[in-house]
Amino acid sequence: MDMKRKLESLNEFFRIPGELEFELRGSQIFAKISGSLSSAEICLHGAHVMSFVPRGGRDLLWLSSKSWFEKEKPIRGGIPVCWPWFGPHSSLKDAPSHGFARISEWNLKSAECLPDGSYALVFSLSPNDFSEKFWNFQFSLELKALISSKLRVELNCRNIGDKSFEFSAALHSYFSVSDISKVQIGGLDGVSYTETAGGASDDLIQNGAISFSAETDRVYRDSEADCVIRDPGFKRAIRVAKSGSRSTVVWNPWIAKSARMPDFGDDEYLGMLCIEAANCGRDIVRLEPGQSHCLATILSAE
Ligand code: TA6
């Protein structure tokens, strides 16, 4: 089905006038939610949450002005779904970074307005020709976005085959901040981590809050803690809670890496940072046939 027909059928089937509409950006279709509690935008490409704005506030999420919105390319910003591997593939050199889920075309399974004024949208992804180029296990993947005064995003994975499989994953959230040099992240004090930027170093321990003065690319292990971004410039704090996640990834590309990314403005590192609910490194997930796993991140402004 071509994009125009698909757009028409989505609006025909799911549209709630003035509350839930479907629009085109680049060659991609996205759902635009305008509720009394918040507004949001979610692209069917990658089941990619691009924006979440609590009522009376500013967008919690950051989106690059240079992002692609094209087939088989990741959107830069928002909440990329990294699955079934985090980072580079362990052996396939032509496999996409962070897995195939974020560059796949998902289906919208359901979209509803709930009595409390929140919205629940469920997107689904099944094995297809594209995924089977890299991964041959039978899976069912659903992303559920619950949009209220908070944003809850769940990645539900089920093993529907007869072979067990392992995966790593992340809800790779990009947050909008006033000035990277003036924000701090609390919540990970005392947690062990690996720094992979500027020459890897393992088994470090976080001392106090995290601040940024260089490329930062860390995997914090064995932690289910909430993180809080304290942003005096925007006069707000963003709470990043999670469940079903043992790893927390913290990233800012800083100057040199920003300049190397074609879908990232050279000075955009100043206004963003990532805090990712993940299971990666030593925290991979194994599913036996019939088992399922839920990875969730819950975002709110304070
Ligand atoms: O989350 C941190 C990270 O793994 C970094 O190493 C950096 O590569 C980032 O993800 C973005 O990856 P991408 O493939 O989206 O450019």
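Residues numbered from 1 in each chain as written. Predicted model: local features only at pLDDT ≥ 70, side-chain atom pairs only at ≥ 80, totals over all residues. Heavy atoms only, no water.

A.B. asks: Hey, could you run me through the state of the cysteines in this one?
C.D. replies: Here a disulfide denotes one covalent bond, and it connects the sulfur atoms of two cysteines. Within the structure shown, the criterion is met by zero disulfides. With no disulfide partner, cysteine 157 has as its closest neighbouring cysteine sulfur the one in cysteine 294, 10 Å distant. For cysteine 157, a relative accessible area of 3% puts it in the buried group. (Disulfide = S-S within 2.5 Å. Buried < 20%, exposed > 50% of the residue type's maximum accessible area, 1.4 Å probe, protein only.)

A.B. asks: Could you clarify how one ought to interpret the sheet that holds strand 6 (residues 107-113) in this entry?
C.D. replies: Through backbone hydrogen bonds, the strands of a sheet pair up, either in parallel or in antiparallel fashion. Read across the sheet, eight strands follow the order 6-7-8-9-22-18-17-13 without closing on themselves; strand pairing throughout is antiparallel. Both edges of this open sheet fall to strand 6 and strand 13 (184-186), since each of them pairs with a single strand only. Mean inter-strand twist for the sheet, computed between neighbouring axes without regard to direction, equals 15°. Looking at chain direction, strand 13 and strand 17 (residues 227-231) are connected through three bridges and run antiparallel. Counted as the bridge partner of glycine 186 is valine 228 from strand 17. (Pairing = 2+ DSSP bridges. Helix = DSSP H or I, 4+ residues; strand = E, 2+ residues; numbered from the N terminus. Axes fitted to C-alpha atoms, helices over the stretch in contact; angles between N-to-C directions.)

A.B. asks: What should I look at first to understand the site of the ligand in this one?
C.D. replies: Surveying the vicinity of the ligand reveals the residues Arg76, Phe86, Ser97, His98, Arg102, His172, Asp217, Val249, Trp251, Lys257 and Glu276. One of the side-chain N or O atoms of arginine 102 is found 2.8 Å from an oxygen atom in the ligand. Within the side chain of histidine 172, one N or O atom sits 2.9 Å away from an oxygen atom of the ligand. Protein chains bury 84% of the 390 Å² of accessible surface belonging to the ligand in isolation. (Near = heavy atom within 4 Å. Polar contact = N/O pair within 3.5 Å; in protein donor to acceptor, adjacent residues only side chain to side chain. Areas by Shrake-Rupley, 256 points an atom, 1.4 Å probe, with all protein chains shown as cover.)

A.B. asks: What am I meant to see in the packing of aromatic side chains here?
C.D. replies: The relation between two aromatic rings is expressed through the spacing of the ring centres and the mutual angle of the planes. Tallying each qualifying case throughout the model produces 21 aromatic pairs. Summarising the aromatic geometry, the rings of tryptophan 83 and phenylalanine 167 are spaced 5.8 Å apart at their centres and angled 55° between planes, so their arrangement reads as tilted. Linking tryptophan 83 in the loop between strand 5 (81-82) and strand 6 with phenylalanine 167 in strand 10 (residues 165-167), this pair joins segments that are 84 residues apart in sequence. Each of the two residues, tryptophan 83 as well as phenylalanine 167, counts as buried. Centroid distance phenylalanine 100 to phenylalanine 139: 6.0 Å. Interplanar angle 40°. Geometry classified as tilted. (Phe/Tyr/Trp six-rings, centres within 6.5 Å; stacked < 30°, edge-to-face > 60°.)

A.B. asks: Just to check I follow, could you spell out the nonpolar core for this structure?
C.D. replies: With 79 residues, the main nonpolar core has Trp83, Trp106, Leu121, Ile147 and Leu273 as its most contacted residues. If we skip the residues at most four places from it in the chain, leucine 121 touches Leu20, Ala31, Ile33, Ile42, Leu108, Ser110, Ala111, Leu143, Lys144, Ala145 and Ile147. Core analysis: the next-biggest nonpolar cluster, separate from the first, contains six residues, Ala170, Val219, Val249 and Ala278 among them. (Core = buried A, V, L, I, M, F, W, Y, C linked by side-chain atoms within 4.5 Å. Contact = heavy atoms within 4.5 Å.)

A.B. asks: Help me out: how do you make sense of the pairing of strand 16 (residues 216-220) in this one?
C.D. replies: Consecutive residues of a regular strand have side chains that alternate between opposite faces of the sheet. Counting buried residues along strand 16, five of its five residues qualify, which places the element largely inside the surrounding structure. In strand 16, alternate side chains face the same way, and those of Thr216, Arg218 and Tyr220 on one face and Asp217 and Val219 on the other are all buried. Pairing analysis gives five bridges linking strand 16 to strand 19 (residues 247-252), with the strands arranged antiparallel. Of the residues in strand 19, the one forming a bridge with threonine 216 is asparagine 252.

A.B. asks: Where do I start with the sheet that holds strand 1 (residues 20-25) in this structure?
C.D. replies: Spatially, the four strands line up as an open sheet ordered 1-2-3-4, and their pairing is antiparallel. Among the strands making up the open sheet, the edge pair consists of strand 1 and strand 4 (48-54). Direction aside, neighbouring strands of the sheet carry axes that sit 20° apart on average. Relative to strand 4, strand 3 (residues 38-43) runs antiparallel, the two being bridged by six bridges. When the bridges of strand 4 are listed, serine 38 appears paired with proline 54. The sheet strands contacting helix 1 (residues 3-14) are strand 1 and strand 2 (28-34), and the helix crosses strand 1 at an angle near 170°.

A.B. asks: What should I look at first to understand unusual backbone geometry in this one?
C.D. replies: Only a minority of non-glycine residues have a phi that is not negative, and only a minority of peptide bonds are not trans. Geometrically, the link from tryptophan 83 to proline 84 is a cis peptide bond, its omega value of 5° lying close to zero. Position of proline 84 among the secondary structure elements: in the loop between strand 5 and strand 6. In this structure, aspartate 203 takes a positive phi of about 50° despite not being glycine. Positive phi outside glycine occurs at aspartate 222, with the angle close to 50°. Here aspartate 222 is to be found in the loop between strand 16 and strand 17.

A.B. asks: What's the story with the confidence of the model for the protein in this structure? I'm lost.
C.D. replies: Low pLDDT marks regions whose predicted coordinates should not be analysed in detail. Taken residue by residue, the protein gives an average pLDDT of 96. The fraction at 70 or more is 100%. Ranking the helices and strands of the protein by mean pLDDT puts strand 12 (residues 174-176) first, with 99, and strand 15 (residues 201-205) last, with 87. (pLDDT = per-residue confidence, 0-100.)

A.B. asks: Sorry, what's going on with the side chain of serine 247 here?
C.D. replies: With respect to the element layout, serine 247 can be found in strand 19. Here the side chain of serine 247 touches aspartate 283 through a polar contact of 2.7 Å, side chain to side chain. If we ignore the near neighbours within four places in the chain, the residues touching serine 247 are Val219, Tyr220, Ser223, Lys242, Glu276, Ala277, Ala278, Asn279, Cys280 and Asp283.

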